[in-house]
Amino acid sequence: MTAHLHKPEGVVLDLDGTLVDTVHTRIDAWLQTFEEKGIPADRSLVAELIGSDGRQLARIVGAAAGEEVDDERAERIDARSGAIYSELNVAPQPLPGATEFLDALDELKIHWAIATSSRREQVGRSVAALHRNQPPLIADGATVKLAKPHPDLGITAGSAMSPDQLRTAGARLVLPTMAHLIPHLKREA
(Lines give C-alpha, C1' and ligand atoms only; values in the text may rest on other atoms or scores of the structure.)
Protein backbone atom coordinates (compact mmCIF):
# COMPACT_ATOMS: atom_id res chain seq x y z
CA MET A 1 0.00 0.00 0.00
CA THR A 2 1.41 3.38 -1.00
CA ALA A 3 0.62 6.31 1.24
CA HIS A 4 -0.88 9.40 -0.37
CA LEU A 5 1.43 12.33 0.18
CA HIS A 6 0.59 16.00 -0.19
CA LYS A 7 3.17 18.44 -1.47
CA PRO A 8 4.84 19.81 1.66
CA GLU A 9 5.48 23.49 2.24
CA GLY A 10 8.85 22.56 3.67
CA VAL A 11 10.96 19.58 4.64
CA VAL A 12 13.22 19.11 7.67
CA LEU A 13 15.86 16.40 7.28
CA ASP A 14 18.33 14.77 9.61
CA LEU A 15 21.95 14.80 8.48
CA ASP A 16 23.81 11.70 9.73
CA GLY A 17 22.31 8.54 8.28
CA THR A 18 19.69 10.44 6.29
CA LEU A 19 21.61 12.68 3.93
CA VAL A 20 25.21 11.55 4.49
CA ASP A 21 26.71 8.15 5.18
CA THR A 22 28.31 8.94 8.54
CA VAL A 23 26.55 6.68 11.03
CA HIS A 24 29.43 4.19 11.29
CA THR A 25 31.89 7.06 11.72
CA ARG A 26 29.70 8.41 14.54
CA ILE A 27 29.57 4.98 16.19
CA ASP A 28 33.36 4.61 15.93
CA ALA A 29 33.89 8.05 17.47
CA TRP A 30 31.60 7.23 20.40
CA LEU A 31 33.24 3.86 21.00
CA GLN A 32 36.71 5.40 20.94
CA THR A 33 35.54 8.09 23.37
CA PHE A 34 34.07 5.59 25.81
CA GLU A 35 37.25 3.52 25.63
CA GLU A 36 39.33 6.61 26.44
CA LYS A 37 37.05 7.42 29.37
CA GLY A 38 37.19 3.86 30.71
CA ILE A 39 33.48 3.21 30.18
CA PRO A 40 32.62 -0.19 28.65
CA ALA A 41 30.29 0.44 25.71
CA ASP A 42 28.27 -2.01 23.65
CA ARG A 43 28.38 -1.22 19.92
CA SER A 44 24.74 -2.20 19.38
CA LEU A 45 23.55 0.10 22.18
CA VAL A 46 25.56 3.01 20.79
CA ALA A 47 24.19 2.29 17.29
CA GLU A 48 20.60 2.41 18.59
CA LEU A 49 21.27 5.82 20.16
CA ILE A 50 22.93 7.51 17.17
CA GLY A 51 20.96 10.61 16.33
CA SER A 52 19.92 11.35 19.89
CA ASP A 53 21.40 14.11 22.01
CA GLY A 54 25.05 13.28 22.77
CA ARG A 55 24.80 14.10 26.45
CA GLN A 56 21.82 11.77 26.76
CA LEU A 57 23.71 9.08 24.83
CA ALA A 58 26.64 9.42 27.26
CA ARG A 59 24.33 9.05 30.28
CA ILE A 60 22.53 5.99 28.85
CA VAL A 61 25.73 4.18 27.86
CA GLY A 62 27.28 5.06 31.22
CA ALA A 63 24.25 3.71 33.07
CA ALA A 64 24.38 0.48 31.03
CA ALA A 65 28.01 0.11 32.17
CA GLY A 66 27.03 0.78 35.78
CA GLU A 67 28.51 4.27 35.87
CA GLU A 68 26.63 7.42 36.72
CA VAL A 69 27.38 10.18 34.24
CA ASP A 70 26.43 13.60 35.61
CA ASP A 71 25.72 16.59 33.38
CA GLU A 72 29.28 17.93 33.48
CA ARG A 73 30.81 14.58 32.58
CA ALA A 74 28.18 14.01 29.88
CA GLU A 75 29.14 17.35 28.33
CA ARG A 76 32.84 16.43 28.34
CA ILE A 77 32.14 12.99 26.83
CA ASP A 78 29.91 14.51 24.15
CA ALA A 79 32.50 17.16 23.28
CA ARG A 80 35.27 14.56 23.07
CA SER A 81 33.18 12.32 20.84
CA GLY A 82 32.55 15.30 18.57
CA ALA A 83 36.26 16.08 18.36
CA ILE A 84 37.08 12.47 17.49
CA TYR A 85 34.26 12.42 14.95
CA SER A 86 35.66 15.56 13.31
CA GLU A 87 39.04 13.81 13.00
CA LEU A 88 37.48 10.64 11.53
CA ASN A 89 34.93 12.27 9.20
CA VAL A 90 37.40 13.13 6.45
CA ALA A 91 35.44 12.14 3.33
CA PRO A 92 31.71 11.80 4.02
CA GLN A 93 29.54 10.77 1.10
CA PRO A 94 25.88 11.49 0.40
CA LEU A 95 23.63 8.49 0.85
CA PRO A 96 22.10 7.01 -2.31
CA GLY A 97 19.35 9.27 -3.61
CA ALA A 98 20.05 12.13 -1.19
CA THR A 99 21.39 14.67 -3.68
CA GLU A 100 18.71 13.74 -6.22
CA PHE A 101 16.06 14.27 -3.57
CA LEU A 102 17.49 17.67 -2.62
CA ASP A 103 17.65 18.60 -6.32
CA ALA A 104 13.97 17.66 -6.65
CA LEU A 105 13.05 19.77 -3.61
CA ASP A 106 14.91 22.73 -5.12
CA GLU A 107 13.28 22.16 -8.53
CA LEU A 108 9.84 22.06 -6.94
CA LYS A 109 10.69 25.13 -4.83
CA ILE A 110 10.08 23.26 -1.60
CA HIS A 111 12.08 24.80 1.22
CA TRP A 112 14.23 22.41 3.21
CA ALA A 113 16.46 22.53 6.26
CA ILE A 114 18.67 20.23 8.29
CA ALA A 115 17.97 19.37 11.92
CA THR A 116 20.81 17.57 13.66
CA SER A 117 21.87 16.75 17.19
CA SER A 118 25.45 17.31 16.05
CA ARG A 119 27.34 20.35 17.20
CA ARG A 120 27.53 23.01 14.50
CA GLU A 121 31.33 22.74 14.28
CA GLN A 122 30.99 19.04 13.35
CA VAL A 123 28.69 19.35 10.34
CA GLY A 124 30.78 21.34 7.84
CA ARG A 125 32.30 18.44 5.92
CA SER A 126 29.02 16.51 5.82
CA VAL A 127 27.05 19.51 4.56
CA ALA A 128 29.77 20.24 1.97
CA ALA A 129 29.45 16.65 0.73
CA LEU A 130 25.90 17.48 -0.39
CA HIS A 131 27.29 19.88 -3.04
CA ARG A 132 24.63 22.56 -2.70
CA ASN A 133 24.92 25.96 -4.36
CA GLN A 134 23.83 27.67 -1.15
CA PRO A 135 24.29 26.42 2.40
CA PRO A 136 21.08 25.05 3.93
CA LEU A 137 19.45 26.29 7.08
CA ILE A 138 20.68 24.18 9.99
CA ALA A 139 19.14 23.69 13.42
CA ASP A 140 21.66 21.92 15.63
CA GLY A 141 21.35 20.46 19.10
CA ALA A 142 22.73 23.65 20.65
CA THR A 143 19.92 25.79 19.20
CA VAL A 144 17.12 24.05 21.09
CA LYS A 145 16.43 23.41 24.75
CA LEU A 146 15.79 19.68 24.24
CA ALA A 147 17.61 17.91 21.39
CA LYS A 148 16.56 14.63 19.79
CA PRO A 149 14.75 12.45 20.52
CA HIS A 150 12.63 15.31 21.90
CA PRO A 151 10.59 16.92 19.12
CA ASP A 152 12.08 20.42 19.46
CA LEU A 153 14.12 19.81 16.29
CA GLY A 154 10.97 18.56 14.52
CA ILE A 155 12.18 15.00 13.80
CA THR A 156 12.74 11.79 15.73
CA ALA A 157 14.51 9.71 13.09
CA GLY A 158 16.56 6.72 14.16
CA SER A 159 19.74 5.55 12.51
CA ALA A 160 19.49 1.88 11.69
CA MET A 161 15.95 0.58 11.74
CA SER A 162 14.75 -2.09 9.33
CA PRO A 163 11.72 -1.45 7.12
CA ASP A 164 9.63 -3.70 9.40
CA GLN A 165 10.76 -1.79 12.49
CA LEU A 166 9.85 1.47 10.77
CA ARG A 167 6.38 0.18 9.86
CA THR A 168 5.84 -1.12 13.39
CA ALA A 169 6.84 2.32 14.69
CA GLY A 170 4.11 3.87 12.52
CA ALA A 171 5.81 4.78 9.24
CA ARG A 172 3.23 5.10 6.49
CA LEU A 173 5.73 4.92 3.64
CA VAL A 174 9.05 3.05 3.70
CA LEU A 175 11.37 3.39 0.72
CA PRO A 176 14.91 2.08 0.05
CA THR A 177 16.42 5.49 -0.80
CA MET A 178 15.36 9.13 -0.77
CA ALA A 179 15.34 9.11 -4.57
CA HIS A 180 12.33 6.78 -4.37
CA LEU A 181 10.43 9.63 -2.71
CA ILE A 182 10.84 11.99 -5.68
CA PRO A 183 7.95 10.57 -7.77
CA HIS A 184 5.65 11.05 -4.79
CA LEU A 185 6.64 14.72 -4.57
CA LYS A 186 6.30 15.30 -8.30
CA ARG A 187 2.89 13.62 -8.39
CA GLU A 188 1.64 16.28 -5.99
CA ALA A 189 3.42 19.23 -7.65
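Residues numbered from 1 in each chain as written. Predicted model: local features only at pLDDT ≥ 70, side-chain atom pairs only at ≥ 80, totals over all residues. Heavy atoms only, no water.

(A) Just the side chain of arginine 132, in detail. Positionally, arginine 132 belongs in the loop between α6 (124-128) and β3 (137-140). Given a relative accessible area of 19%, arginine 132 falls into the buried group. (Helix = DSSP H or I, 4+ residues; strand = E, 2+ residues; numbered from the N terminus. Buried < 20%, exposed > 50% of the residue type's maximum accessible area, 1.4 Å probe, protein only.)

(B) Representation of the sheet that holds β3 in the model. Overall, parallel pairing links the three strands, which are arranged β1-β2-β3 in an open sheet. Since the sheet does not close on itself, it has two edges, and those belong to β1 (10-13) and β3, each with one partner. The mean inter-strand angle of the sheet, taken between neighbouring strand axes irrespective of direction, is 25°. Its contacts with the sheet place helix α5 (residues 98-107) against β1 and β2 (111-116), and it is angled at close to 155° to β1. (Pairing = 2+ DSSP bridges. Axes fitted to C-alpha atoms, helices over the stretch in contact; angles between N-to-C directions. Contact = heavy atoms within 4.5 Å.)

(C) Local environment of α5. Every buried residue belonging to α5 is among Ala98, Phe101, Leu102, Ala104 and Leu105, and all of these are buried. Each buried residue of α5 sits inside an arc of 155° when the element is viewed along its axis, so together they form one side. Just downstream of α5 lies lysine 109, where phi reads positive at about 60°. (Arc of directions from axis to C-beta.)

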